[in-house]
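As a plain string of letters, each chain reads:
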Amino acid sequence: MMKLGVLVISHGSPDAAWMRLVDESVAKLELPAEMPVVASFLEVVEGRLIQDGIDLLEEAGVTDMIVIPLFVSSGSTHIDEIAYALGVKAAPDKETDLEPFRVQSRVHFGEPIDDDPLIARMVWDKIKSQSAEPENEVVLLVGHGSMHDGFRQRWERGIRALAEHVGEIGGVKHADYALLNPDSVADKVRYWHEERGMDVLVAPLFLSEGYFTKKTIPSRLEGLECRYSGETLLPHPLLTDWIKRQILTIMNSLTLS
């Protein structure tokens, strides 16, 4: 008999508030009572690491584990190494120190955020208070990015498409993206404001507040004409909806197979 369980994996943080926002989003999932759900973290959080989550689910009798990678881009090297360590792929695209996990159950690996209408709505909800004249505005999504070839291109594909959806929802004139790695933030702001004469609304594409949204991005924007709220995806009720939709999509595929 198949017994399903869910493992939601995110990066982890020493900031208790960061952790709480993830836990609250997962706790709000409405799933069958017999389906255990565990939130685990890649690093930092002792006792709640990925192996801990796997062990909890398998101790509960789970035979088929639905894994939701709660990361904003498939260009994250963490997605690659987690998929490898879970046995989803034979070898990582980039060398990793992450050792293969002990897994007895079948793993059904979901997708990171990349481009999704629900996430686009979340981004716009967080930045719309900065909008005054949409016909003269550009939304500039700022993501972490990657210096690694192959991963950078995945980052660019996802954030470019997401920016376009955010722009459509907000009805702004243009939408664009910039990455911290390789750094294109200041150049993009200058281009849109100084060369194109647009008001620039900068939106951070990060799951929760942290060093990058509080320190790194503001430092890259210093002295530039733009509006930056600093508001991240969480907290927002639609993230729970996004996680649930991923779970149901995988459940449906298992039913049909």
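Residues numbered from 1 in each chain as written. Predicted model: local features only at pLDDT ≥ 70, side-chain atom pairs only at ≥ 80, totals over all residues. Heavy atoms only, no water.

1. Quick look at the sheet that holds strand β5 (residues 137-145)
Then, in step 1: Spatially, 4 strands are ordered β6-β5-β7-β8 in an open sheet, and the strand pairing comes out parallel. In the strand order of this sheet, the two ends are held by β6 (174-181) and β8 (227-228), each with one partner.
Then, in step 2: When strand β7 (residues 199-204) meets β8, the two strands line up parallel, connected through 2 bridges. Within β8, the position partnered with V202 by the bridge is Y228.
Then, in step 3: Running over the sheet, helix α6 (residues 185-195) touches β5, β6 and β7 and is turned about 155° from β6. (Pairing = 2+ DSSP bridges. Helix = DSSP H or I, 4+ residues; strand = E, 2+ residues; numbered from the N terminus. Contact = heavy atoms within 4.5 Å. Axes fitted to C-alpha atoms, helices over the stretch in contact; angles between N-to-C directions.)

2. Description of α6
Then, in step 1: Taken together, the buried positions of α6 are occupied by V185, A186, K188, V189 and W192. End-on, the buried residues of α6 take up no more than an arc of 165°, which puts them together on one face. Among the exposed residues of α6, those oriented more than 90 degrees off its buried face are D187, E194 and E195. (Buried < 20%, exposed > 50% of the residue type's maximum accessible area, 1.4 Å probe, protein only. Arc of directions from axis to C-beta.)

3. Observations regarding the packing of helix α4 (residues 117-127) against helix α5 (residues 151-170)
Then, in step 1: The contact between α4 and α5 brings their axes to 9 Å, and the two run at 60°. Relative to α5, the element α4 is oriented oblique. Read as a crossing pair, α4 and α5 show a hand that is right-handed. Contact residues: α4 offers P117, I119, A120, R121, V123 and W124, while α5 offers L162, H165, V166, I169 and G170.
Then, in step 2: When grouped by side-chain class, the residues that make up the contact of α4 with α5 number 8 nonpolar, 2 polar and 1 charged. (Parallel < 35°, antiparallel > 145°, perpendicular 65-115°, else oblique. Left-handed = near helix turned anticlockwise from the far one by under 90°. Nonpolar A, V, L, I, M, F, W, Y, C, P; charged D, E, K, R; others polar.)

4. Quick look at the sheet that holds strand β3 (residues 64-69)
Then, in step 1: One open sheet accounts for 4 strands, arranged β2-β1-β3-β4; its pairing is parallel. For this open sheet the edge positions go to β2 (37-41) and β4 (106-109), each flanked by a neighbour on one side alone. For this sheet, the mean inter-axis angle between neighbouring strands, taken without regard to orientation, is 25°.
Then, in step 2: Where strand β1 (residues 4-10) lies against β2, 5 bridges are found, and the strand directions are parallel. Considered in β2, the bridge of I9 is made with S40.
Then, in step 3: Helix α2 (residues 50-59) contacts β1, β2 and β3 of the sheet and is inclined by roughly 170° relative to β1.

5. Quick word on the packing of aromatic side chains
Then, in step 1: Tallying each qualifying case throughout the model produces 4 aromatic pairs.
Then, in step 2: Ring geometry for W18 and F41: centres 6.5 Å apart, planes at 65°, overall edge-to-face. Residue W18 is found in helix α1 (residues 16-27), and its partner F41 is found in strand β2; the two are separated by 23 residues along the sequence. By the burial criterion, W18 is buried, and F41 matches it.
Then, in step 3: Judged by centre distance (5.7 Å) and plane angle (20°), the rings of F206 and F212 are stacked.
Then, in step 4: Of the aromatic side chains, those joined through ring pairs into one cluster are F206, Y211 and F212.
Then, in step 5: The ring of F151 is capped by R154, whose NZ or CZ atom sits 4.7 Å from the centre of that ring.
Then, in step 6: The ring of Y177 is capped by K188, whose NZ or CZ atom sits 4.5 Å from the centre of that ring. (Phe/Tyr/Trp six-rings, centres within 6.5 Å; stacked < 30°, edge-to-face > 60°. Lys NZ or Arg CZ within 6 Å of the ring centre and 35° of its normal.)

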